Every structure is written in structure tokens, then in C-alpha cells.
Amino acid sequence: MHKPISPSAHSKDLPEDGLPPWERQILGLEALSKLTKRFSSHPDFQQLIDVLLMTLSGQFSVANSFAVLRQPSFYNLRSSFFATGKFKTNLLLASLKMTPDHCRYFLENRSVRQVRELELSSESARLGFILAECDVALVCPLSHNEEFFGIIGLGKRVTKKPYEKEDLELLTTVIDTITPLMAISHLFWEIASLNSWYI
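Remember, it's a predicted structure, so these values are computed and weren't measured experimentally. (Residues numbered from 1 in each chain as written. Predicted model: local features only at pLDDT ≥ 70, side-chain atom pairs only at ≥ 80, totals over all residues. Heavy atoms only, no water.)

1. Things to note about the confidence of the model for the chain
In plain terms, the rule: Confidence of the prediction at every residue is given by pLDDT, a number between 0 and 100. Only heavy atoms matter for contacts: two residues are in contact if any of them lie within 4.5 Å across the pair.
Per-chain confidence: the chain averages 78 in pLDDT, with 67% of residues scoring 70 or above. Segment residues 5–16: pLDDT under 50, and 20 contacts once partners within four positions in sequence are set aside and those in other chains are kept.

2. Looking at the nonpolar core
We count it as follows: For our purposes a nonpolar core is just a set of buried Ala, Val, Leu, Ile, Met, Phe, Trp, Tyr and Cys residues, chained together by side-chain atoms within 4.5 Å. Using a 1.4 Å probe on the protein chains alone, a residue whose accessible area is under 20% of its type maximum counts as buried, one over 50% counts as exposed, and one in between counts as partly exposed. Helical segments are the DSSP runs of H or I of at least four residues, strand segments are the runs of E of at least two, and each set is numbered from the N terminus.
Counting residues in hydrophobic clusters, the biggest one holds 28 residues, and the most contacted among them are Ile49, Leu56, Leu69, Ile152, Leu171 and Met182. Of all the elements in the fold, those that place two or more residues in this core are helix H2 (45–60), strand E1 (65–69), strand E4 (136–144), strand E5 (147–155) and helix H6 (165–198). The leading source of residues in this core is H6, at eight residues. What methionine 182 contacts, discounting residues up to four positions off in sequence, is Phe45, Leu48, Ile49, Leu52, Leu69, Leu142, Phe149 and Ile152. Membership of the second largest hydrophobic core comes to 22 residues, among which are Val68, Leu120, Phe148 and Ile151.

3. Details of the packing of aromatic side chains
For clarity, the threshold we go by: Within 6.5 Å between ring centres, the rings of Phe, Tyr and Trp (the latter by its six-membered ring) count as paired, and their orientation is classed by plane angle as stacked under 30 degrees, edge-to-face over 60, tilted in between.
Within the structure shown, the criterion is met by four aromatic pairs. Between phenylalanine 66 and phenylalanine 87, the ring centres sit 5.9 Å apart and the planes meet at 75°, which makes this aromatic pair edge-to-face. With phenylalanine 66 in strand E1 and phenylalanine 87 in the loop between strand E2 (80–84) and helix H3 (91–94), this pair connects stretches of sequence that are 21 residues apart. Summarising the burial analysis for this pair, phenylalanine 66 and phenylalanine 87 share the class buried. Pairwise contacts between aromatic rings join Phe66, Phe81 and Phe87 into one cluster.

4. Topic: the layout of surface pockets
Defined as follows: Using a grid of 1 Å spacing that covers the protein atoms alone, one calls a set of points a cavity when a 1.4 Å probe fits there but cannot get out, and a pocket when the set is open and has protein on both sides within 12 Å along at least five of seven lines; lining residues are those with an atom within 4 Å of a point. Grid points are joined across faces, edges and corners, and a volume is the space filled by probe spheres set on the points. Just so you know the grouping, Ala, Val, Leu, Ile, Met, Phe, Trp, Tyr, Cys and Pro go in nonpolar, Asp, Glu, Lys and Arg go in charged, and all remaining residues, Gly too, go in polar.
Reported here for the second largest pocket is a volume of approximately 270 Å³. Surrounding the second largest pocket, 14 residues form its lining, Gln114, Arg116, Ala137, Lys156 and Tyr163 being those nearest its centre. Across the lining of the second largest pocket, the residue classes break down as seven nonpolar, one polar and six charged.

5. With respect to the pattern of salt bridges
Oppositely charged side chains can pair when the atoms bearing their charge come close. What counts is decided by this rule: Definition used for salt bridges: Asp or Glu carboxyl oxygen within 4 Å of a side-chain nitrogen of Lys or Arg.
Tallied over the full model, the rule gives six salt bridges. Among the ionic pairs, aspartate 135 bridges to lysine 86, the shortest N-O distance being 3.5 Å. With aspartate 135 in the loop between helix H5 (125–133) and E4 and lysine 86 in the loop between E2 and H3, the pair connects residues that are 49 residues apart, well separated along the chain. In this structure aspartate 135 comes out as partly exposed when scored by relative accessible area, which is 31%. With a relative accessible area of 47%, lysine 86 lands in the partly exposed category. Salt-bridge contacts for glutamate 146 lead to arginine 110; the nearest nitrogen and oxygen are separated by 2.7 Å. In this pair, glutamate 146 is assigned in the loop between E4 and E5 and arginine 110 in the loop between helix H4 (100–108) and strand E3 (113–114), connecting sequence segments 36 residues apart.

6. Comments concerning the sheet that holds E2
Just so we agree on the cut-off: Here a strand pair is declared whenever DSSP counts at least two bridges between the two strands. Lines fitted to C-alpha atoms define the axes, with helix axes restricted to the stretch in contact, and inter-axis angles between N-to-C directions lie between 0 and 180 degrees.
Within the open sheet, the five strands sit side by side as E2-E1-E5-E4-E3. Their pairing is antiparallel. The open sheet has two free edges, formed respectively by E2 and E3, since each of these has just one partner strand. Pairing geometry for E4 and E5, over eight bridges, is antiparallel. Note on E5: the bridge partner recorded for histidine 144 is glutamate 147. Packed onto the sheet, H4 meets E3, E4 and E5 and runs at close to 80° relative to E5.

7. As for the environment of valine 136
Relative to the helices and strands, valine 136 is located in strand E4. When the C-alpha positions of valine 136 and arginine 116 are compared, they lie 9.5 Å apart, and in sequence the two are 20 residues distant. When residues no more than four places from it in sequence are discounted, the contact partners of valine 136 are Phe66, Phe87, Leu93, Val115, Leu131, Gly153, Leu154 and Gly155.

This is how it looks when you write it as C-alpha cells:
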């Protein structure tokens, strides 16, 4: 089992509520730096996403998180699903497909947002209903070079505290920092998967 990347030992004893937003941001970026270093020495895409989800879960005190990733250029390929906690066995989340409508919506609305704030319409509204039904609280769109390639979802916090504006800003910083690495790694992973399937 992969361990989440945690900030330095000296920061582990500090209560979450006692940290100002800028310190939480520094700790989050430090964890990402360690994640990137680990991935560069052992490039395993599955492990990258698993550790990223566990790191986000630890940083934001959530037990359940998931990622649905698709290759931007290939609409007909099935999505890749990764999850922690009870989301691992959630068949509704595992079967999510990112449609062209979702891609347009999330490219126009790139910010991290509460699921209840999603303004999806027509057929794409089903995504919002599924996320709400599965107790997903936050959605983080993933895009790189003007192409949408998936979402990360976080469940409700184990502390029962609501997500604050500072949490959304920190999550946005973390996602913006790691997205280029995820996009490029996902592309190579998909190419390797296609090659192994066709060869």
C-alpha cells in the first residue's frame, strides 16, 4: 500500500485549525514536491494517482476521494478510475464518463467548486446528480493546454467541518501545480496501454 506524502515531521503535531492558510499552502506544496520527486525516480502512473489522492485526503481531512481521467484527444476510450475509501467500490462513480458537454462545461468553469454549485444542464446534469448521490462534496476539474482530461472529487470531511474559501484556494493551488505532470504522465500511460493492447 502506498503511503501519502506528508509534510515534514515538525509540522505533523500542529492542529489543522491552528495553521494559517499560507502555512497550509506551504505544507501542501511541500507534499507535492515530495510526490513529484518520488514519481520522477519511480514513474508509475497508478501509484502517482493513488498517492496524490491519499495526499489530498490527508491534507483536507477526507476519507473518500476519486479521480476520473480520460485522454483529451480520444473521446471513445473508456475513462480511468482511481479512488480511496468507500469511493473505491462505488459503481456509480466508477462508471462515470466524461462527455463532450462535460469537457466544455469544465473548460469554461475551471475552478474547484462545491458539487451543489455545479450548473450542469440537459444530459450533462446527470453528472451532478450522481456526484451528490455519492456524497462527493468538491469537484476539481483537470485541464492542461486548453484540454480537459478529468476530475478529482473529494468527499465530505471526517471532521464534519464545511470547506472554507481558504480550502478551495489551497486545493486550486495544489491541483494547478500537479496537473501538468498528471496530464503528460496520463498521455504516456495511455500510449503504453494502447501499444500493449495492439502489439
